[in-house]
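So you can see what is in the structure, the chains are spelled out below.
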Amino acid sequence: MKEQTVVIKSNKYGITLFLKKDIPFQELLENIAEKFKTSSGFFKNAQMALAFEGRSLSREEQMEVIRTIQENTALEILCVLEQDALKESYMKKALEERQHERSSNSGRFYKGTLRSGQVLESETSIIILGDVNPGATVVSKGNVVILGALKGTVHAGAAGIEYAFVAALNMSPMQVRISDSIARGADGPASLKGNLTGPMIAYTEDGRIYMEPITKEVINDIRI
């Protein structure tokens, strides 16, 4: 019976990869590729933590292994754990922390103009390369930045984030909502600071939405 050079042991949150110690690294990579290609249907597009056993790997070798895994499956490795951190509960905690970190700091791009009746929803902050026309709606759990004109409706901080903001090169919205606070275009100057010319930002203060021109000082005060 042929000795296995790569053994995969997995749980709901992570993979422990047992690697044979005394074979060339390039041969090991080939065996890893073959092993994960065969198992690709099992992992599908899961996000998991990864730990190594049986062989010490340099940082560069670890990255090569991760690259090989992700080239042969739809699996995404979010973090690498030390060899003594193999318990499922630890993997669960590490994976959830990494997922939260990515969710908090990542965003997405959308290129194109949103027309009346269109709704764009995002689980993260979003940058729109285009206009949001009257009758169009953007809903984001994070911030919304529009590199164009905002003439429709935007709801930022939809997950209850009160410090979320909306920024646009041309701010003429039908409605802006940040968390539970709402300002409508018809509300007039009471909801504004400064004048509505040039790039503007909308934010909340004491439960009320304010809009003001984007300056260096404003950018420095933005919480993300």
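Residues numbered from 1 in each chain as written. Predicted model: local features only at pLDDT ≥ 70, side-chain atom pairs only at ≥ 80, totals over all residues. Heavy atoms only, no water.

What's the story with the environment of Thr113 in this structure? I'm lost.
With respect to the secondary-structure elements, Thr113 resides in the loop between strand S5 (107-111) and strand S6 (119-122). Measuring from C-alpha to C-alpha, the distance between Thr113 and Asp131 comes to 4.7 Å, with 18 residues separating the pair along the chain. Those residues in contact with Thr113 that lie beyond four places of it in its chain are Gln118, Gly130, Asp131 and Asn133. (Helix = DSSP H or I, 4+ residues; strand = E, 2+ residues; numbered from the N terminus. Contact = heavy atoms within 4.5 Å.)

Explain the nonpolar core to me, please; I cannot follow it from the model alone.
Nonpolar side chains tend toward joint burial in soluble globular proteins. Core analysis: the largest hydrophobic core is formed by 23 residues, its most contacted members being Ile128, Val144, Leu150 and Val166. When sequence neighbours within four positions are dropped, the list of residues in contact with Val144 reads Ile126, Ile128, Val138, Val154, Ala156, Phe165, Val166 and Ala167. Ranked by size, the runner-up nonpolar core spans 20 residues in total, among them Leu19, Phe25, Phe36 and Leu75. (Core = buried A, V, L, I, M, F, W, Y, C linked by side-chain atoms within 4.5 Å. Buried < 20%, exposed > 50% of the residue type's maximum accessible area, 1.4 Å probe, protein only.)

Whenever I open this one, the sheet that holds S6 confuses me. Can you help?
Hydrogen bonds between backbone groups are what pair the strands of a sheet, and the pairing can be parallel or antiparallel. Reading across from one edge, S6-S8-S10-S12-S13 is the order of the five strands in this open sheet, with mixed pairing throughout. Looking at which strands have only one partner, the edges of the open sheet turn out to be S6 and strand S13 (181-184). Along the sheet, successive strands turn relative to each other by an average axial angle of 10 degrees, direction set aside. Of the pairings in the sheet, the one linking strand S10 (residues 153-156) to strand S12 (residues 175-178) comprises four bridges and is parallel in character. Paired with Ala156 across the bridge in S12 is Ile178. (Pairing = 2+ DSSP bridges. Axes fitted to C-alpha atoms, helices over the stretch in contact; angles between N-to-C directions.)

I would appreciate a short explanation of the pattern of salt bridges in the present structure.
Note on pairing: side chains with opposite charge can pair once their charged atoms come close. Scanning the entire structure with this criterion turns up five salt bridges. Here Asp22 makes a salt bridge to Lys20, at a shortest N to O gap of 3.2 Å. We note a salt bridge from Glu71 to Arg67, for which the minimum N-O separation is 2.8 Å. Taken together, the positions of Glu71 and Arg67, both in helix H2 (residues 59-72) and four residues apart, correspond to about one turn of that helix. Overall, Arg67 belongs to the partly exposed group, its relative accessible area being 36%. By sharing partners, the salt bridges in this structure join Glu64, Arg67 and Glu71 into a single network. (Salt bridge = Lys/Arg side-chain N within 4 Å of Asp/Glu carboxyl O.)

Any chance you could explain the pairing of S10 here in plain terms?
Two faces make up the sheet, and in a regular strand the side chains alternate between them. Neither face of S10 is left uncovered, since the one carrying Thr153 and His155 and the one carrying Val154 and Ala156 both have all their residues buried. With three bridges joining them, strand S8 (residues 137-140) and S10 adopt parallel strand pairing. Bridge pairing in S10 places Val138 opposite Val154.

Got a minute to help me understand H2 in this structure?
Counting along an α-helix, one turn takes 3.6 residues, and residues three or four places apart therefore face a common direction. With 14 residues, H2 should reach 20 Å at 1.5 Å per residue; the first-to-last C-alpha distance of 20 Å fits that figure. Within H2, the full set of buried residues consists of Gln62, Val65, Ile66, Thr68, Ile69 and Asn72. For H2, the buried positions fall inside an angular range of 160 degrees around the axis, keeping them on one side. Those residues of H2 that are exposed and angled more than 90 degrees off the buried face are Arg59, Glu60 and Glu71. Buried residues along H2 sit against strand S2 (14-19), helix H1 (25-43), strand S3 (47-53) and strand S4 (76-81). (Expected span 1.5 Å × (residues − 1). Arc of directions from axis to C-beta.)

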